[in-house]
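This is what each chain is made of:
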Amino acid sequence: QVQFVESGGGSVQPGGSLRLSCAASGNIFNFYVVGWYRQAPGKQRELVASISSGGITNYADSVKGRFTISRDIAKNIVYLQMNVLNPEDTAVYYCNGKRVGQYDIWGQGTQVTVSS
């Protein structure tokens with residue numbers, strides 16, 4: 001069974017940066033889309049960024065210009081580089097993978113806290 005493991009979360013000050021990693025136990029090309037979601041306290045889970053198997057990326061308006069999703073195909077890792085972080089970015093961040101004809105795969109989540 002394939003699994004995702006997120007890492008890289010932590011606590012930073014406003015304006016700081018973090019790089020999240022989503023490590024897949026198998027080839028990331030098994031997923032037609034891999035995305036990063038986040039859920040803040042009292043808020044619904046939202047899609048932050050995604051990357052397709054073909055390399056097409058999409059971003060939520062709230063993070064455009066600040067976040068970058070990328071991948072290391074050889075290492076089967078999808079990254080989320082987060083720059084110019086602000087308190088509104090505080091949330092648990094989850095990695096998600098979508099496969100044809102199968103249920104989504106979710107990681108356990110990693111906490112990102114932005115505060116002064």
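Residues numbered from 1 in each chain as written. Predicted model: local features only at pLDDT ≥ 70, side-chain atom pairs only at ≥ 80, totals over all residues. Heavy atoms only, no water.

Tallying secondary structure elements over the protein chain gives zero helices and 11 strands in all. Counting from the amino terminus, the protein chain carries its helices and strands in the arrangement β-β-β-β-β-β-β-β-β-β-β. The proportion of buried residues among the 116 residues of the protein chain is 43%. Per element, the accessible surface of the protein chain, about 6000 Å² overall, is 49% carbon and sulfur. (Helix = DSSP H or I, 4+ residues; strand = E, 2+ residues; numbered from the N terminus. Buried < 20%, exposed > 50% of the residue type's maximum accessible area, 1.4 Å probe, protein only. Areas by Shrake-Rupley, 256 points an atom, 1.4 Å probe, with all protein chains shown as cover.)

Phe4, Trp36, Phe67, Leu80, Met82 and Tyr93 are the most contacted members of the largest nonpolar core, which totals 28 residues. For this core, the secondary structure elements donating two or more residues are β3 (18-24), β4 (33-39), β5 (46-52), β7 (67-72), β8 (77-82), β9 (91-98) and β11 (110-114). It is β3 that contributes the most residues to this core, four residues altogether. Among residues more than four places away in sequence, those in contact with Tyr93 are Glu6, Leu20, Trp36, Tyr37, Arg38, Val48, Phe67, Leu80, Met82, Gly109, Thr110 and Val112. (Core = buried A, V, L, I, M, F, W, Y, C linked by side-chain atoms within 4.5 Å. Contact = heavy atoms within 4.5 Å.)

For the rest of this paragraph, the subject is the pairing of β11. A one-sided burial pattern is seen for β11, the buried positions being Thr110, Val112 and Val114 and the unburied ones Gln111 and Thr113. The pairing of strand β2 (residues 10-12) with β11 spans three bridges and is classified as parallel. Its bridge partner lying in β11, Val12 is registered against Val114. Two strands pair when backbone bridges link them, and β9 and β11 are joined in this way by three bridges, in the antiparallel orientation. Opposite Val92, over in β11, you have Gln111 as the bridge partner. (Pairing = 2+ DSSP bridges.)

Turning our attention to the sheet that holds β7. One key point about sheets: their strands pair by backbone hydrogen bonds, in either a parallel or an antiparallel sense. The strand order across the open sheet formed by four strands is β1-β3-β8-β7, and the pairing between neighbours is antiparallel. Two strands close off the open sheet at either side, each with one partner strand: β1 (4-7) and β7. The sheet shows a mean angle of 15 degrees between the axes of neighbouring strands, direction not considered. (Axes fitted to C-alpha atoms, helices over the stretch in contact; angles between N-to-C directions.)

Our next topic: the pairing of β5. Most of β5 sits inside the fold, with five of its seven residues counted as buried. Here β4 pairs with β5 via six bridges, running antiparallel. What sits directly across from Gly35, in β5, is Ser50. Following β4, the chain reverses through six residues before pairing antiparallel with β5; Gly42 in that reversal takes a positive phi of roughly 75 degrees.

Distances and angles like these do not, on their own, reveal function.
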